[in-house]
Amino acid sequence: MMSFSNAKASVKAIFKSRQHRESQNQSKEIPEDCDKFGERAPKNEKPLTNLCYFCQNLGLTYEKFIANNDGENIEKPTKTSPDPSGLGSTKLGFLDDIYGRKHLCAFCRLVYKATYRSESDAMLVPKSLGINGLGYDSHGNRVMCSIDWQLDGRLQNDSSEQSKSDVALTRRLRFHSREGAFPDAYAVVLPDQMTRPEVSSPSFLGRVITSREIDIGRARRWISLCQNNHGSLCESLHQSTVNKQGHTPMRIIDVEDMYIVKTTTEVTYVTLSYMWGRNPLFSLKKENFDRLSAKGGLEDVFDNLAQTIQDAIQLVRSMNIRYIWIDSLCIIQDDKDDWEKSAPTMDKIYGNSLFTLCAATGSDATAGLPGAVPRSRKLVQLRENCAGLDLLVVRPVESHVKDSSWNSRAWTFQERVMSTRCLIFVDDRAFFQCRQATWSEELDCEGSTPTWNLDMIGSPLTIFNANPLRRYSTCVQLYSRRNLTKIEDKLIAFEGIGNVLSVPLDSKLYYGLPDSHFDWAMLWELSEPAEELLGKGFQSELSGKAFPSWSWCGWGGGVEWRLSTTSGTLVNMHEWITEHTWIVWYKSVNPREKDMKGARESHEPVWRPVGNPLKATRWSGYVVDGDTHGLYGRSANSEMAIETSNREHIPRAVPIESCLHFWTYSAFFALSHINMSDAKFKSNLHPGLRRFGIHDSKGDWCGTIILKESQLDSRGLHPANEFGKTYEFIAISDAKDFDLEEYDSWTYYVPQEREQAEWYL
């Protein structure tokens, strides 16, 4: 049998129509003791002047935002009162009601600021979620706003003994929509210096900042704190630097003497990650190379540089750093040879820089770095005084970055992930990220002691803290969704990341897949509808090879390794590869690649052992030793592996470039609409994908497969064959069981005469 795709099905939320909602609003009566916004004044009690009745009942206090007060002034739960402290999740109300009270209640006004997105903002970021000025979503539906308290900042202790430094120090109040109608936002408290002047840094509380420019001293301190306290955890992912022996010296910009210089020794420099945009940029070319390589050459053309590049140069100079690398000025743009030499080293260029300036504002190089130079931004902090409590709305950096055009580009993904540190400019704010911290202008969270806060969740710089396979799959899943101006760059823009990912896997990447774990790598699936690139004639610009459909690089959309498909392999990866895979993978070899003059194309294994075999661990791939069988080190007890390898040692088929050659089992199955799981376990698939059932020749249900809906016509039929007709499937590995999304009441029956075993499929 074979393993089949598993995934979660999409669940579409059902909303009431605008007409039904409006009729409900018209019929809703307001109690006599309430004003026109539905506020009811509490009896026998003087209401607070700046909070409505509903918000008074939240019981907001300074102490609720402080988590390390040993329970001081926080009531404990009881059987009769499960949440007397008010720290549980609460439905605050519909946004249209809250927006209606924003002129009377400071906290309602804070919610408005946290959730509102203007029409102009929505036009700039079309994919972003948001709420219009009346509190309804884009379809005119009412939106429920919920709040909950989340533990936030903590000082991390290196010792094994738990102490107060292991406990969260603060809480944030989260505003969120269960339907995802608006991005999550948080309220944090500003320190009360009048009554609590003893607050020490890092306090993880809110911070008031200047509106026109960033604090250069703070930015320099962020870099210094990381350098001096994070050690090897925040060093380059490369063991050698760009300028050490074995690497070609690179060009960089001297911001003091304002010219392009070629380094011959190791220097400290900054890199810039930005978007060019559609309009041509002033750049380094053959015709102006000599001019820009002379001292003062860039000063003469400074006004011709894009605003983002101007701001970057001035910021680096103000931080007392002499050099910066910018691709448009450090690579000769009309010299193909120069680009081909530079492109494969991008990972080292960014990885060995002191930090990377990330221009995540706007859609091109004219947007600049708001706040990088004096009087270059107009920041308005979202702040309200609520019954004497000074509150500030903040969002994590990933919330700001995720909808930016900069975050949608493939090249910028590599530039960010390969960097040891990033100074990100987005939405008139500056954020610092490294592999051990995320710091914000609006939060007092930086310090010499290792810290953690909610802003670190989702940081791509922490990818390399995971195990090697998780690093690889996460990078591919994030990268594959990115856009490229030239689709031919799909592999070259990933090459730098691949160079780093392949080392701990003890592998080489073959069309983007690690050869040491090739059977597992072949279990990727589309996470969204995508077009095959092979049929469109795309090929790598550097190698000239076509992108094969059996690799994720051969598709123009996102991919993933679904946990429902791969969960059985992750218990013990090496055991699964040894015991439950059998294919001997071959690739075609072009003699020109190996300098074999006069030779014909031939076959060779996709993976070959290099050096002495290492001791196998849980996450190891193929290992060949005295106890294994065949070229890929399969178990000597695996009948399928032995039978497969005995069929043909070297494929007899004519070698075809970019094609895999192998022997395996195949069978014919029919497709159906039959669903073996109820709504509780319905798959959550991207729109445009659908899960279909698979039936054998006797009509027994055997599994599922996920296909693009575009592969079917309007009647639900395949363009070439109706449902019920058979299709050929090939088996590439064992699967352990059916996921609940495939079959929620499977009794471990397999319609085939075979012995019961742990691995049924």
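Residues numbered from 1 in each chain as written. Predicted model: local features only at pLDDT ≥ 70, side-chain atom pairs only at ≥ 80, totals over all residues. Heavy atoms only, no water.

With respect to the overall build of the protein
Alright, step 1. Assigned secondary structure in the protein consists of 20 helices and 29 strands.
Alright, step 2. Looking at the protein residue by residue over its 761 residues, the buried ones come to 51%.
Alright, step 3. Look at the contacts in the protein between residues 6 or more apart in sequence, and 71% of them connect residues 24 or more apart.
Alright, step 4. Working note: accessible area of the protein is about 37,600 Å², and carbon and sulfur atoms make up 48% of it. (Helix = DSSP H or I, 4+ residues; strand = E, 2+ residues; numbered from the N terminus. Buried < 20%, exposed > 50% of the residue type's maximum accessible area, 1.4 Å probe, protein only. Contact = heavy atoms within 4.5 Å. Areas by Shrake-Rupley, 256 points an atom, 1.4 Å probe, with all protein chains shown as cover.)

Observations regarding the side chain of serine 177
Alright, step 1. You can see serine 177 is positioned in the loop between β4 (171-176) and β5 (185-189).
Alright, step 2. According to the relative accessible area criterion, serine 177 is buried, its value standing at 8%.
Alright, step 3. Aside from chain neighbours lying at most four places away, what touches serine 177 is Val143, Met144 and Phe182.

Observations concerning the sheet that holds strand β25 (residues 660-661)
Whenever strands of a sheet pair, they do so through backbone hydrogen bonds, lying parallel or antiparallel.
Alright, step 1. Spatial strand order, β22-β21-β25: 3 strands in an open sheet with antiparallel pairing. Edge positions in the open sheet fall to β22 (602-605) and β25, since each of these has one partner strand only.
Alright, step 2. Bridging between strand β21 (residues 586-589) and β22 involves 4 bridges; their strand directions are antiparallel. By the bridge assignment, lysine 587 is partnered in β22 with glutamate 604. (Pairing = 2+ DSSP bridges.)

Some details on helix α14 (residues 410-418)
Alright, step 1. Burial of α14 is extensive: 9 of the 9 residues sit out of reach of the surface.
Alright, step 2. Within the span of α14, buried status applies to Ala410, Trp411, Thr412, Phe413, Gln414, Glu415, Arg416, Val417 and Met418.

Notes on the pairing of strand β28 (residues 701-708)
Alright, step 1. Among the 8 residues in β28, 8 count as buried, and that is most of the element.
Alright, step 2. For strand β27 (residues 689-695) and β28, the ladder comprises 7 bridges, and the chain directions are antiparallel. The residue bridging isoleucine 694 from the neighbouring strand is glycine 703, located in β28.
Alright, step 3. The turn linking β27 back onto β28 is made up of 5 residues, and glycine 699 within it adopts a positive phi angle of 90°.

Considering the sheet that holds strand β6 (residues 251-254)
Alright, step 1. Taken together, 8 strands build an open sheet; the order of strands is β7-β6-β9-β8-β10-β13-β14-β15 and the sheet is mixed. Looking at which strands have only one partner, the edges of the open sheet turn out to be β7 (259-262) and β15 (438-440). With direction set aside, neighbouring strand axes in the sheet form an average angle of 30°.
Alright, step 2. Where strand β8 (residues 269-273) and strand β10 (residues 356-359) come together, 3 bridges link them in parallel fashion. Bridging across to β10, threonine 271 finds its partner in threonine 356.
Alright, step 3. In the packing of helix α6 (residues 216-229) onto the sheet, contacts are made with β13 (421-426), β14 (429-434) and β15, and the angle to β14 comes to roughly 5°. (Axes fitted to C-alpha atoms, helices over the stretch in contact; angles between N-to-C directions.)

Section: the packing of aromatic side chains
Alright, step 1. Using the criterion set out here, one finds 27 aromatic pairs in the structure.
Alright, step 2. Look at tyrosine 510 and tyrosine 511: their rings are 5.0 Å apart centre to centre, the planes differ by 70°, and that puts the pair in the edge-to-face class. Neither residue differs from the other here; tyrosine 510 and tyrosine 511 are each classed as buried.
Alright, step 3. Put simply, the rings of Tyr510, Tyr511, Phe518, Trp550, Trp585 and Phe662 touch in pairs and so form one group of aromatic residues.
Alright, step 4. Positioned above the aromatic ring of phenylalanine 94 is the side chain of arginine 142, whose terminal nitrogen or guanidinium carbon lies 4.0 Å from the ring centre.
Alright, step 5. In this structure, lysine 587 is placed above the aromatic ring of tyrosine 510, and the distance from its NZ or CZ to the ring centre is 4.8 Å. (Phe/Tyr/Trp six-rings, centres within 6.5 Å; stacked < 30°, edge-to-face > 60°. Lys NZ or Arg CZ within 6 Å of the ring centre and 35° of its normal.)

Some remarks on the nonpolar core
Alright, step 1. Counting 124 residues, the largest nonpolar core has Ile324, Trp325, Leu357, Phe518, Trp552 and Trp585 as its most contacted members.
Alright, step 2. Of all the elements, helix α16 (residues 492-505) adds the most residues to this core, at 7 residues.
Alright, step 3. Aside from chain neighbours lying at most four places away, what touches isoleucine 324 is Ile252, Ile253, Val255, Val270, Leu272, Ala312, Ile313, Val316, Cys330 and Leu357. (Core = buried A, V, L, I, M, F, W, Y, C linked by side-chain atoms within 4.5 Å.)

Considering empty space enclosed by the protein
Alright, step 1. Enumeration over the complete set of coordinates arrives at 3 cavities of 30 Å³ or more.
Alright, step 2. Of the volumes computed, that of the second largest cavity is approximately 40 Å³.
Alright, step 3. The wall of the second largest cavity is formed by Trp582, Val584, His629, Gly630, Leu631, Tyr632, Arg634, Ala641 and Ser645. (1 Å grid on protein atoms, 1.4 Å probe; cavity = no way out; pocket = protein on both sides within 12 Å on 5 of 7 lines; lining within 4 Å. Points joined across faces, edges and corners; volume = space filled by probe spheres on them.)

A look at α6
Alright, step 1. With 14 residues, α6 extends 20 Å between its outermost C-alpha atoms, agreeing within 8% with the 20 Å of an ideal straight helix rising 1.5 Å per residue.
Alright, step 2. Among the residues of α6, those classed as buried are Arg218, Ala219, Trp222, Ile223, Leu225 and Cys226. Taken down its axis, α6 places every buried residue within 160° of arc, on the same side.
Alright, step 3. For α6, the secondary structure elements touched by its buried residues are β13, β14 and β15.
Alright, step 4. The opening residue of α6 is aspartate 215, an N-cap whose side-chain oxygen sits 2.9 Å from the backbone nitrogen of glycine 217. (Expected span 1.5 Å × (residues − 1). Arc of directions from axis to C-beta. Polar contact = N/O pair within 3.5 Å; in protein donor to acceptor, adjacent residues only side chain to side chain.)

Details of unusual backbone geometry
Alright, step 1. A positive phi is found at methionine 258, a non-glycine position, where the angle reads about 50°.
Alright, step 2. Counting through the fold element by element, methionine 258 comes out in the loop between β6 and β7.
Alright, step 3. The backbone of aspartate 506 shows a phi angle near 55°, a positive value even though the residue is not glycine.
Alright, step 4. For aspartate 506, the location among the structural elements is in the loop between α16 and β17 (509-510).

Thoughts on the confidence of the model for the protein
Alright, step 1. Residues of the protein with pLDDT of at least 70 account for 79%, and the chain-wide mean is 81.
Alright, step 2. Taking the mean pLDDT of every element in the protein, the minimum, 34, falls on helix α1 (residues 18-27) and the maximum, 98, on β10.
Alright, step 3. Across residues 1-49 the pLDDT falls below 50, and counting only partners more than four positions away or on other chains, this stretch makes 99 contacts in the model.
Alright, step 4. Low pLDDT, under 50, characterises residues 240-247; the predicted model gives this stretch 20 contacts beyond four residues in sequence or across chains. (pLDDT = per-residue confidence, 0-100.)

Comments concerning the environment of aspartate 678
Alright, step 1. Mapped onto the fold, aspartate 678 is located in the loop between β26 (666-672) and β27.
Alright, step 2. The exposure class of aspartate 678 is partly exposed, given its relative accessible area of 42%.
Alright, step 3. Sequence separation between aspartate 678 and tyrosine 743 is 65 residues, and the spatial gap between their C-alpha atoms is 8.7 Å.

Things to note about the packing of α14 against α16
Alright, step 1. Two elements in contact, α14 and α16, have axes whose closest approach is 8 Å; the angle formed by their N-to-C orientations is 25°. In this view, α14 runs roughly parallel relative to α16, as classed from their interaxial angle. In the crossing of α14 with α16, the sense of the turn from one axis to the other is left-handed. Residue-level contacts link Trp411, Phe413, Gln414 and Met418 of α14 to Ile492, Ala493, Phe494, Glu495, Gly496, Ile497 and Val500 of α16.
Alright, step 2. Residue composition of the contact of α14 with α16, by class: 8 nonpolar, 2 polar and 1 charged. (Parallel < 35°, antiparallel > 145°, perpendicular 65-115°, else oblique. Left-handed = near helix turned anticlockwise from the far one by under 90°. Nonpolar A, V, L, I, M, F, W, Y, C, P; charged D, E, K, R; others polar.)

Looking at the packing of helix α15 (residues 468-479) against α16
Alright, step 1. At a minimum axis distance of 9 Å, the contact between α15 and α16 shows a crossing angle of 165°. Compared by their axis directions, α15 and α16 come out roughly antiparallel. Where α15 crosses over α16, the handedness of that crossing is left-handed. Facing α15, whose interface residues are Pro468, Leu469, Arg471, Tyr472, Cys475, Val476 and Tyr479, α16 presents Ala493, Phe494, Ile497, Leu501, Pro504 and Leu505.
Alright, step 2. Broken down by class, the residue content of the contact of α15 with α16 amounts to 12 nonpolar, no polar and 1 charged.

Quick look at the pattern of salt bridges
Alright, step 1. Counted by the stated rule, this structure contains 28 salt bridges.
Alright, step 2. Close ionic contact of arginine 174 with aspartate 148 constitutes a salt bridge, the shortest N to O distance being 2.7 Å. Here arginine 174, found in strand β4, pairs with aspartate 148, found in strand β2 (residues 144-151); they are 26 residues apart in sequence, far enough to count as distant.
Alright, step 3. Overall, the relative accessible area of 11% leaves aspartate 148 in the buried class.
Alright, step 4. The residue glutamate 398 makes a salt bridge to arginine 416 at a minimum N-O spacing of 2.6 Å. Taken as a pair, glutamate 398 in helix α13 (residues 397-401) and arginine 416 in helix α14 lie far apart in primary sequence, 18 residues in all.
Alright, step 5. For arginine 416, a relative accessible area of 3% puts it in the buried group. (Salt bridge = Lys/Arg side-chain N within 4 Å of Asp/Glu carboxyl O.)

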